[in-house]
Amino acid sequence: MMDVPLTLAMIADHAERWCGGVEIVTRKPDRSLARTTWGATLGRARQLARALIAAGMRKGDRVATLMWNSAAHVEAYFGIPLAGAVLHTLNLRLHPEEIAYIASDAKDRVVIVDDCLLPLLDKVIAAGARFERVLVVGEVPAGRDSYDAFVAGGDAAAKLPAIGEYDELGTCYTSGTTGRPKGVIYTHRSSVLHTLVAALPDSLGLSRNDTLLPVVPMFHVNAWGLPYVAAMLGTRLVLPGPFLDAPSLLDLITGERVTIAAGVPTIWIAIRDAMDAEPERWQLWPGLRMIVGGSAAPEQLIRDFDRLGMTIVHAWGMTETSPIGLVSRLTPEVAASNDVALKYRLRAKQGLVPPLVDLRVRDEAGHDVPRDDRTTGEVLVRGPWIAAGYVGGHQPERWTDDGYFRTGDVARVDDRGYVQLVDRMTDLIKSGGEWIASAELENALMGHPAVSEAAVIGVPHPKWSERPMAVVVLKPNAASRAASLEGDLRTWIAARFPKFWVPDAFVFVEVIPRTSAGKFKKTELREQYRSWTW
């Protein structure tokens with residue numbers, strides 16, 4: 001067989017040659033829509049690659065992006081790796097000092113930035129980040145370099161470098177919820193294999209017939225790899241820019257006839273609430289699919305979108321897994337069943353293991369847990385797109401002696417092979433010597449008709465060591481009844497879990513703090529309520 005390297009160049013060449021006329025749409029900062037094609041975008045990506053080489057970028061050098069989802073960001077996704085450099089997407093939702101730390105740790109030489117994010121970049125530079133060159137997309141202030149002019153200056157005749165499949169393609173940093181953010185390196189080989197499996201029908205299930213809206217930011221685990229999947233398949237791409245509020249997204253979904261979208265549960269909760277508030281305003285494409293990851297999608301949210309004519313596809317992954325590690329699809333046997341409740345229970349689980357991922361759930365003794373949907377253990381993963389280590393060699397203990405990555409997630413497996421994450425090891429609550437899974441309580445609370453969001457934390461207790469507290473955001477139509485709802489919520493939980501799992505306290509708030517990845521920021525909640533008086 002031919003020994004053909006698995007590199008991003010293969011995907012770019014195919015997309016440009018065979019899918020070049022397929023459209024890419026971007027909502028610009030002035031809310032107008034800019035339209036281009038895969039062919040034009042990849043042509044500019046090659047020009048960017050040539051310009052970077054002419055500017056002195058060498059193989060393995062880091063080029064950062066500080067950008068929203070846009071066609072220009074897609075150019076960077078391809079152009080930087082095609083130059084042999086390493087794409088580093090900076091998370092603009094982090095604190096400037098944290099972004100500065102990440103950029104310095106990665107040794108970013110150049111940064112490409114949206115003009116609307118220049119004030120943030122100035123704070124990042126003031127916090128200690130040092131870039132040799134700043135390239136501005138959009139309006140260019142005095143003293144800054146134009147990204148468009150830089151791309152135009154690339155020598156169209158210059159030859160791009162040969163790339164090996166084990167060369168570095170990109171790097172993303174973890175959110176830093178358990179310490180300093182840590183860098184993960186993706187290679188060309190790992191990214192191509194991840195792209196191939198992500199596209200499968202039983203995985204994310206895209207095709208050339210789709211119009212894809214990645215709401216998940218392109219700075220969050222490379223938008224779950226979706227830009228590369230779209231390029232490989234020739235999928236039409238719609239990019240929201242900085243406008244991620246529910247009405248803006250719904251206008252874009254309806255106006256551009258989106259058939260598949262991807263984002264965290266927070267986004268879809270807001271969209272559900274907007275559609276329920278104005279049921280006649282938006283007419284969505286029949287059968288719209290929504291890939292949901294980042295945190296668990298409550299079963300009630302899945303039911304609500306079925307009622308609205310849309311289908312949630314539940315998935316799980318991490319920065320260290322590129323990110324696909326599980327996808328919840330119904331097996332033929334379950335799909336043919338008349339047991340509606342069973343189907344919803346399985347769809348709310350994180351799902352089945354995709355091809356090429358070796359996933360284990362092991363107990364403290366190192367044994368695989370039985371498939372009984374009761375016994376829990378830590379999720380371990382191994383595969384061609386799973387990180388083998390962190391940049392700088394941080395935390396080698398996260399990898400087992402037999403080569404698995406320790407995720408820190410606690411899960412159980414049922415007899416059909418569906419994996420359900422019950423909590424993070426750091427979020428488990430130990431009360432009177434017994435473990436309580438906060439994530440299971442959260443999903444149950446969010447199934448109550450009055451609850452929009454709920455986070456459950458362990459709070460120090462003089463007798464039981466810790467007791468669960470529920471921090472709850474009510475739906476707008478229930479907010480006025482907060483005082484009378486606590487008893488109702490206790491009864492709701494008591495009907496579903498052991499008595500000692502029922503939270504001892506319910507706190508009603510307007511908003512729950514979240515991490516940059518859209519997950520509940522439980523460290524902040526635990527600090528806020530650690531002196532709670534029982």
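Residues numbered from 1 in each chain as written. Predicted model: local features only at pLDDT ≥ 70, side-chain atom pairs only at ≥ 80, totals over all residues. Heavy atoms only, no water.

Asks: Outline the overall build of the chain, listing residues and values.
Replies: Of the regular secondary structure elements, the chain holds 17 helices and 24 strands. A compact globule built from 534 residues should have a C-alpha radius of gyration of about 24 Å, and the chain, at 23 Å, falls within 12% of that. By its C-alpha atoms, the chain is 70 × 55 × 55 Å across when sized along the principal axes. Out of the 534 residues in the chain, the part that is buried amounts to 57%. In the chain, 59 side chains carry a positive charge and 63 a negative one; their mean positions are 1 Å apart. (Helix = DSSP H or I, 4+ residues; strand = E, 2+ residues; numbered from the N terminus. Rg over C-alpha atoms; globule rule 2.2 N^0.38 Å. Buried < 20%, exposed > 50% of the residue type's maximum accessible area, 1.4 Å probe, protein only. Lys, Arg positive; Asp, Glu negative; His and termini not counted. Charge placed at Lys NZ, Arg CZ, Asp CG, Glu CD.)

Asks: Hey, could you go over the sheet that holds strand β19 (residues 419-424) for me, with residue numbers and the actual values?
Replies: Taken in spatial order, the 4 strands of this open sheet run β16-β17-β18-β19, and their pairing is antiparallel. Edge strands, defined here as strands with exactly one partner in the open sheet, are β16 (358-362) and β19. For this sheet, the mean inter-axis angle between neighbouring strands, taken without regard to orientation, is 45°. As paired strands, β16 and strand β17 (residues 377-382) are joined by 5 bridges and run antiparallel to one another. Residue R360 lies in a different strand from β17, and its bridge partner there is L380. (Pairing = 2+ DSSP bridges. Axes fitted to C-alpha atoms, helices over the stretch in contact; angles between N-to-C directions.)

Asks: Before we move on, can you summarise the packing of aromatic side chains with the specific residues and values?
Replies: Taken as a whole and judged by the stated rule, the model has 9 aromatic pairs. Ring centres 5.5 Å apart and planes at 50° place the aromatic pair Y77 and Y228 in the tilted group. Highlighted residues: Y77 in helix α3 (residues 71-82) and Y228 in helix α9 (residues 226-233), separated in sequence by 151 residues. Each member of the pair, Y77 together with Y228, is buried. Summarising the aromatic geometry, the rings of F78 and Y228 are spaced 5.2 Å apart at their centres and angled 85° between planes, so their arrangement reads as edge-to-face. Remark: Y228 occurs in helix α9 and F78 occurs in helix α3; sequence separation between them is 150 residues. Taking the ring centre of Y101 as reference, the NZ or CZ of R180 above it sits at 4.0 Å. (Phe/Tyr/Trp six-rings, centres within 6.5 Å; stacked < 30°, edge-to-face > 60°. Lys NZ or Arg CZ within 6 Å of the ring centre and 35° of its normal.)

Asks: Give me the lowdown on the sheet that holds strand β2 (residues 33-37), citing residues and values where you can.
Replies: Taken in spatial order, the 8 strands make up an open sheet running β2-β1-β11-β10-β12-β13-β14-β15, and their pairing is mixed. The sheet terminates laterally at β2 and β15 (324-327), the two strands that pair on one side only. Going across the sheet, the axis of each strand differs from the next one's by a mean of 20°, ignoring polarity. One ladder, built from 2 bridges, connects strand β10 (residues 211-214) with strand β11 (residues 236-239); its direction is parallel. Opposite L212, over in β11, you have L237 as the bridge partner.

Asks: Before we move on, can you summarise the packing of helix α11 (residues 265-277) against helix α12 (residues 299-307) with the specific residues and values?
Replies: The geometry of α11 relative to α12 is characterised by a closest axis approach of 11 Å and an angle of 45° between their N-to-C directions. The angle between the axes of α11 and α12 places the two elements in the oblique class. Two packed elements cross with a definite hand, and for α11 against α12 that hand is left-handed. From α11, P265, W268, I269, I271, R272 and D276 reach across to α12, where they touch L301, D304, F305 and R307. (Parallel < 35°, antiparallel > 145°, perpendicular 65-115°, else oblique. Left-handed = near helix turned anticlockwise from the far one by under 90°. Contact = heavy atoms within 4.5 Å.)

Asks: A description of the side chain of D210 should follow, citing residues and the corresponding values.
Replies: You can see D210 is positioned in the loop between α7 (188-198) and β10. Here D210 falls in the buried class, since its relative accessible area comes to 7%. Within polar-contact distance, the side chain of D210 engages the side chain of R289 at 2.7 Å. Discounting residues that sit within four places of it in the chain, D210 has contacts with G205, T235, R236, T259, I260 and R289. (Polar contact = N/O pair within 3.5 Å; in protein donor to acceptor, adjacent residues only side chain to side chain.)

Asks: A description of the state of the cysteines should follow, citing residues and the corresponding values.
Replies: Considering all chains together, one arrives at 0 disulfides under this definition. The thiol sulfur of C116 is not disulfide-bonded, and the nearest other cysteine sulfur, from C172, lies at 20 Å. Under the relative-accessibility criterion, C172 is labelled buried at 2%. (Disulfide = S-S within 2.5 Å.)

Asks: Any chance you could break down the pairing of strand β22 (residues 451-461) for me, citing the residues and the numbers?
Replies: Of all the 11 residues making up β22, 10 are buried; the element is thus mostly covered by neighbouring parts of the structure. The loop that links β22 with its antiparallel partner strand β23 (residues 465-474) comprises 3 residues.

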